[in-house]
Each structure stands twice: as structure tokens, then as C-alpha cells.
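# Remarks on the overall topology
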Amino acid sequence: MRKLILSAALVAASVFGMAAVQAAEPVAGKEYIELSNPVQVSVPGKIEVVELFWYGCPHCYHFEPTINPWVDKLPKDVNFKRVPAMFGGPWDAHGQMFLTLEAMGVEHNVHNAVFDAIQNKRMRLTKPEEMAEFLATQGVDKDKFLATFNSFAIKGQVNQAKELAKKYEITGVPSLVVNGKYRFDLGTAGGPEGVLNVADQLIAKERAAK
């Protein structure tokens, strides 16, 4: 009986120790990179969390079930936004589609469906007409989508997104940036849960600095 109690105590201590390690304060240069030139946030007064992603990235797709519940529970002083990474070709096409849907106010309704179509149904969705045909099945007005997609305003947003990616100095996705200062990803942070742990602690750091 004494051995059983001792074993249970050791297991509990081990689990507690693992939790303590996971919750350890992230280190600059290891779990995250501190940008040499901070980027201005989009909503002054709020702590910003940016996720850079691509619809064609399987890692981004598999990160969705982890990050979405976290985003839903963020406090009011935190502003979360997605920014499409655009490195040419299908990256640019998918990024422009995302920005178009966001401008139309329907991105939150079809975001998962677009991911599913590209990742699971092997749809390319790289041509505007092809995008519009698919999105029409999701309740998005085809003509309005095409008009918005080809608008001057969206082209301006595409350029802005590309500039942001350069300023964040990203080399892959998904990547997160907290308050325009700290960049990290699945590799540096140690997986999906590690990314959220780093984000939580950097958010707390920025909140304490206010």
C-alpha cells in the first residue's frame, strides 16, 4: 500500500513538473523572435495578435481546431486578426480571396468551408471564376464577389498584407505576431498548444507594460 501511495505521489509530481515546464516563461531567441523594428498595430490601445496563414497550408488547417476556441475566449483588450501570407502563385490568389470575403463581411461564415475545399476536396480555387462558383454554394453572391475581388480597394489591401509579411519577417506559416513585436510559430513554440502558451504569456507581458 505504501508503495502504491509513493508511486501515485511520484506520478503526480511528474505531471505537475511537466505542467510547470510547459508554463515556463518563453525566452526571446528561443520560443519567439523579438522584431528589431516593431510594426504598428491596427487598433491603437488594444493588444494585437496576428495569425499569418495560407489556405493551402496543411499545418494552418490542422491548427484551426486549436486556435479558434482560444480566439473565442480572448479578453476585450485583445484584438485578433488573420493576415494571409502571400508568396506568389496560389498564395496570392487565396490571400486575395480571403481579403475579399473579409471586405464583404462573410469571411467568418465560409472560412472553414474554404479550408475544407482546398485541404480535403482538393479544389485549387486559384481562379476568380472558380472561387465564385464554389462560394456561391456557400451562399456568397457570385457577382458581388467578383466585383469586390477585382476592386481597387482589394488590390490595395493585397499590397498592405504583403508589406506586413515583410515587416514581420515571416518565412513560413502559421506564424503569430503579438503586438507587432514578437513573432513565433509551431516550430519555435513547440506545437499548437505551445504557440498559445507563448501567446498568452506575451499578451500578459504587454498588458503589464501598459
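The rules we used
- Residues numbered from 1 in each chain as written.
- Predicted model: local features only at pLDDT ≥ 70, side-chain atom pairs only at ≥ 80, totals over all residues.
- Heavy atoms only, no water.
- Helix = DSSP H or I, 4+ residues; strand = E, 2+ residues; numbered from the N terminus.
- Expected span 1.5 Å × (residues − 1).
- Buried < 20%, exposed > 50% of the residue type's maximum accessible area, 1.4 Å probe, protein only.
- Contact = heavy atoms within 4.5 Å.
- Core = buried A, V, L, I, M, F, W, Y, C linked by side-chain atoms within 4.5 Å.
- pLDDT = per-residue confidence, 0-100.
- Pairing = 2+ DSSP bridges.

Another aspect to go through is helix α3 (residues 90-104). Here α3 spans 21 Å end to end across 15 residues, near enough to the 21 Å set by a 1.5 Å rise per residue. Among the 15 residues that make up α3, twelve are buried, leaving the element largely enclosed by the rest of the structure. Taken as a whole, α3 has its buried residues at W91, D92, A93, H94, G95, Q96, M97, F98, L99, T100, L101 and M104. In this structure, the buried side of α3 is in contact with β2 (47-53), β3 (78-84), α4 (107-119), α5 (128-136), α6 (142-149) and α7 (152-168). G105 lies just past α3 and shows a positive phi near 80°.

Looking now at the nonpolar core. If you look at the biggest cluster of nonpolar residues, it comprises 44 residues, and the most contacted ones within it are M97, L135 and F145. Elements that contribute at least two residues to this core include exactly β2, α3, α4, α5, α6 and α7. Broken down by element, this core gets its largest block of residues, seven residues, from α3. Judged by nonpolar contacts, the second largest core, of 21 residues, contains Y32, I47, V178 and A189.

What follows deals with the confidence of the model for the protein chain. Residues with a pLDDT of 70 or more make up 89% of the protein chain, whose mean pLDDT is 91. In the model, residues 1-22 has pLDDT below 50 throughout and makes one contact with residues more than four positions away in sequence or in other chains.

Along a regular strand, successive side chains alternate from one face of the sheet to the other. Relative to strand β5 (residues 182-185), strand β1 (residues 33-34) runs antiparallel, the two being bridged by two bridges. Pairing of I33 across the sheet is with R183, part of β5. When strand β4 (residues 175-178) meets β5, the two strands line up antiparallel, connected through four bridges. Within β5, the position partnered with S175 by the bridge is D185. A loop of three residues connects β4 with β5, the two strands running antiparallel in sequence, and N179 in this loop sits at a positive phi of about 55°.

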